[in-house]
Amino acid sequence: MSISKQFSDLNSKFVETVNSHDAHRWAALFSEDAVLIPAGQPSVTGRANIEVWGEVAVKIWNHLEIQEGSCTTEGDVVWEQGTWTGNINVADAKTMDVSGNFLLVAEKDGAALRIKAHAWSVNSTT
């Protein structure tokens, strides 16, 4: 399976778990020693801590989409950059469209990929 197809599968699972508000299945996409670097927040280290962080985070999401960018591989380490768009819940029962860029580093785990590091930005809204 090509690296582009593997990232496409991983991205599909990522989007599916966020959109279904399933922090447990979302966190399972990460390796045990993964690092999450959310925009504007402290880093989160380890799958268990990422799941705890995700329990809160997935509740604000109404919809997420990933626009895949370029994929690169070197041995068992692979990375992808791209953009994302979404809609989140904000104060006063309102919602807001959001978007940004992301960098995802993964490692091959058999036929699948496990996220080792994930960081993203949030574009300012007007």
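Residues numbered from 1 in each chain as written. Predicted model: local features only at pLDDT ≥ 70, side-chain atom pairs only at ≥ 80, totals over all residues. Heavy atoms only, no water.

> Can you walk me through the pairing of strand β1 (residues 30–37) in this structure?
In the case of a regular strand, side chains alternate between the two sheet surfaces. Sheet topology places β1 next to strand β6 (residues 112–120); 4 bridges connect them, and they run parallel. Residue pairing for β6: isoleucine 37 is matched across the bridge by alanine 119. (Pairing = 2+ DSSP bridges. Helix = DSSP H or I, 4+ residues; strand = E, 2+ residues; numbered from the N terminus.)

> How do you make sense of the pattern of salt bridges when you look at a structure like this?
The tally for this structure, following the rule as stated, stands at 7 salt bridges. With a shortest N-O distance of 3.2 Å, aspartate 109 and arginine 114 are connected by a salt bridge. Residue classification places arginine 114 among the partly exposed residues on the basis of a relative accessible area of 26%. Salt bridges here are not isolated pairs; linked through shared partners, they connect Glu16, Asp22 and Arg25. (Salt bridge = Lys/Arg side-chain N within 4 Å of Asp/Glu carboxyl O. Buried < 20%, exposed > 50% of the residue type's maximum accessible area, 1.4 Å probe, protein only.)

> Can you help me understand the packing of aromatic side chains in this one?
How two aromatic rings sit relative to each other is set out by the distance from centre to centre and by the angle between their planes. Inspection of the entire model under this criterion finds 5 aromatic pairs. Look at tryptophan 26 and phenylalanine 30: their rings are 5.0 Å apart centre to centre, the planes differ by 65°, and that puts the pair in the edge-to-face class. We note that tryptophan 26, like phenylalanine 30, is buried. Centre to centre, the rings of tryptophan 61 and tryptophan 84 are 5.7 Å apart; their planes meet at 70°, and the pair counts as edge-to-face. Residue tryptophan 61 is located in strand β3 (residues 61–74), and its partner tryptophan 84 is located in strand β4 (residues 77–90); the two are separated by 23 residues in the primary sequence. For tryptophan 61, a relative accessible area of 15% puts it in the buried group. Using a relative accessible area of 7% as the deciding quantity, one classes tryptophan 84 as buried. An aromatic cluster of at least three residues, connected via ring pairs, comprises Phe14, Trp26, Phe30, Trp53 and Trp120. (Phe/Tyr/Trp six-rings, centres within 6.5 Å; stacked < 30°, edge-to-face > 60°.)

> Could you clarify how one ought to interpret helix α1 (residues 3–19) in this entry?
Because an α-helix packs 3.6 residues into every turn, residues spaced three or four apart end up facing the same way. Helix length check: α1 (17 residues) gives 24 Å between terminal C-alpha atoms against 24 Å at 1.5 Å per residue, within 8%. When we look at burial in α1, the residues that qualify are Ile3, Gln6, Phe7, Leu10, Asn11, Phe14, Val15, Thr17 and Val18. Along the long axis of α1, the arc covered by the buried residues comes to 165°, so they all point the same way. Once α1 finishes, histidine 21 follows within two positions and takes phi at roughly 60°, a positive value. (Expected span 1.5 Å × (residues − 1). Arc of directions from axis to C-beta.)

> Please clarify how the environment of leucine 113 should be interpreted in this entry.
Within the secondary structure layout, leucine 113 lies in strand β6. Sequence spacing of leucine 113 and threonine 95 is 18 residues, and the spatial spacing of their C-alpha atoms is 32 Å. Ignoring anything within four residues of it in the chain, the contact list for leucine 113 reads Ile3, Gln6, Phe7, Leu10, Leu29, Val78, Ala106, Glu107 and Lys108. (Contact = heavy atoms within 4.5 Å.)

> Where do I start with the sheet that holds strand β2 (residues 44–45) in this structure?
Backbone-to-backbone hydrogen bonds join strands into a sheet, with any given pair of strands oriented parallel or antiparallel. Read across the open sheet, the 6 strands follow the order β2-β1-β6-β5-β4-β3; overall the sheet is mixed. At either margin of the open sheet sits one strand with a lone partner, and together these are β2 and β3. In the sheet, strand β5 (residues 94–109) pairs with β6 via 8 bridges, with the strands oriented antiparallel. Opposite leucine 104, over in β6, you have histidine 118 as the bridge partner.

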